[in-house]
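# Remarks on the overall topology
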Amino acid sequence: MSMQKLPEDYEAVLPKLYMLHAKEGSKEMDSYLVMKRIIDIFFSALGLLVLLPLFIVVAILIKLEDPKGKVFFRQNRVGKDEKLFPMYKFRSMVSNAEELKANLMAYNEVSGAMFKIKNDPRITRTGRFLRKTSIDELPQLWNVLLGHMSLVGPRPPLVEEVAQYTEYDKQRLMVTPGCTGYWQVNARNSVGFDEMVQLDLTYIHIRSTMLDLKIIAKTGLMLLGSKDAY
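Before going into details, it helps to say that this report is about the structure given with it. Keep in mind it's a predicted model, so treat the numbers as computed, not measured. The numbers attached to residues start from 1 for each chain and follow its sequence in the written order. Under the rules for a predicted model, residues below a pLDDT of 70 receive no local features and side-chain atom pairs below 80 are neither given nor counted, while totals for whole chains, interfaces and linings still include all residues. For side-chain calculations, the full set of non-hydrogen atoms in the structure is used, while hydrogens and water are omitted.

So, about the side chain of S44. Numbered from the N terminus, helices here are DSSP runs of H or I no shorter than four residues, and strands are runs of E no shorter than two. Along the polypeptide, S44 turns up in helix α2 (residues 27–50). In the analysis that follows, any N or O atom pair within 3.5 Å is treated as a polar contact, provided that within protein one partner can donate a hydrogen and the other can accept it, and provided that, for residues neighboring in sequence, both atoms belong to side chains. A distance of 3.2 Å separates a polar side-chain atom of S44 from the backbone oxygen of I41. A contact between two residues is defined here by any heavy atoms of the two lying within 4.5 Å. Setting aside its immediate chain neighbours within four residues, S44 contacts L141, V144 and L145.

Turning our eyes to something else, we now look at the packing of α2 against helix α3 (residues 52–65). Fitting a line to C-alpha atoms yields each axis, with helices limited to the stretch in contact; the angle taken between N-to-C directions then spans 0 to 180 degrees. Here α2 crosses α3 at 55 degrees, and the two axes come no closer than 4 Å. When the axis of α2 is compared with that of α3, the two are oblique. Contacts between α2 and α3 involve L48, L49 and V50 from the first element and L52, P53 and F55 from the second. Here the residues of the contact of α2 with α3 sort into six nonpolar, no polar and no charged. What sets the label is the angle itself: under 35 degrees gives roughly parallel, over 145 gives roughly antiparallel, 65 to 115 gives roughly perpendicular, and the rest give oblique. Any residue that is not Ala, Val, Leu, Ile, Met, Phe, Trp, Tyr, Cys, Pro, Asp, Glu, Lys or Arg is counted as polar, Gly included; the first ten are nonpolar and the last four charged.

The subject of this paragraph is the packing of aromatic side chains. Here is the rule: rings of Phe, Tyr and Trp (six-membered ring for Trp) pair when centre to centre is within 6.5 Å. Planes less than 30 degrees apart are stacked, more than 60 are edge-to-face, and the remainder are tilted. According to the stated counting rule, one finds four aromatic pairs in the structure shown. Aromatic pair F55 and F90: ring centres 5.1 Å apart, planes at 75 degrees, arrangement edge-to-face. Taken together, the positions of F55 in helix α3 and F90 in strand β2 (residues 84–90) put the pair 35 residues apart, joining distant regions of the chain. For the residue pair F55 and F90, the accessibility class agrees, reading buried in each case. Ring geometry for Y165 against F193: centres 5.4 Å apart, planes inclined by 45 degrees, an arrangement best described as tilted. On the criterion of sequence distance, the pair formed by Y165 in the loop between α7 (159–162) and β4 (178–180) and F193 in helix α9 (residues 193–206) is long-range, its members being 28 residues apart. Neither Y165 nor F193 differs from the other in exposure class; each is buried. Among the aromatic side chains, those forming a connected cluster through ring pairs are F55, F72 and F90. Note on exposure labels: buried denotes an accessible area under 20% of the residue type's maximum, exposed denotes more than 50%, and partly exposed covers the range between, all computed with a 1.4 Å probe on protein chains only.

Here is the structure:
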C-alpha cells in the first residue's frame, strides 16, 4: 500500500506557517470532519466490543505481575487547541514510573520535546510485550469514542513537552490528536522531534478521508511486525 511521501526538499516546499485554520471553514473540510467523526465512532465502538476479551486477559496479566498496581494508566495530555484531557493506556511500567523519570532524562534517545528510551528500566515484563505489540495503546479507543482523540492525527503530547514548544510547533495542536498518524507509519521512532513536527504539519495540510483510511490500514499491518515500538 503506497503512502504519500515527502519530497527530499520538503523543508523548502512547505511554507514556514501553513495558516491551517484557513481551510477549516470550507465545505470540503466540514464534510471531511463529519466523515472523520463517523469513522472514529464506528471503529472505536466496534474495536472496544471485539477486543473486550483481550482487555480482560491483559488486565489479569498486569495484576498477576503487580497486584497492587492499577490496570490502566491515566495521564493528562494536551489536545486540540491546547485543551487538557485524560488519556488512557494499559499500565506497562512500574507504579512509580513518573517519579523515576527525572533520574532517566539524561538517557533520552529522542531529540527535542519528547522522551523515549528503548530499554527503559521502568517497563515491566508484561509491559514490554504490550508495548512491543502496541496493545498498551488500545484503551485510547475509549478516548476516540468520547471525542478526545481521533483514530488518525498528531500524537497528544505531555504538558511539560508543550512547555518547550515554539509557536511553530504548536500548530500540530490545532487539530484533534490521534492514536496513529502520518509520521508513525512513515518513520515510527526513527525521527527526531523537528522531523515529527514537519510530518504532522504535512498531514494536517493534506489530510483527507482516503489518507486517513490508508494510515489506519498501514498501522494495522505495522502492528503485525511492531519491531520499532518502544
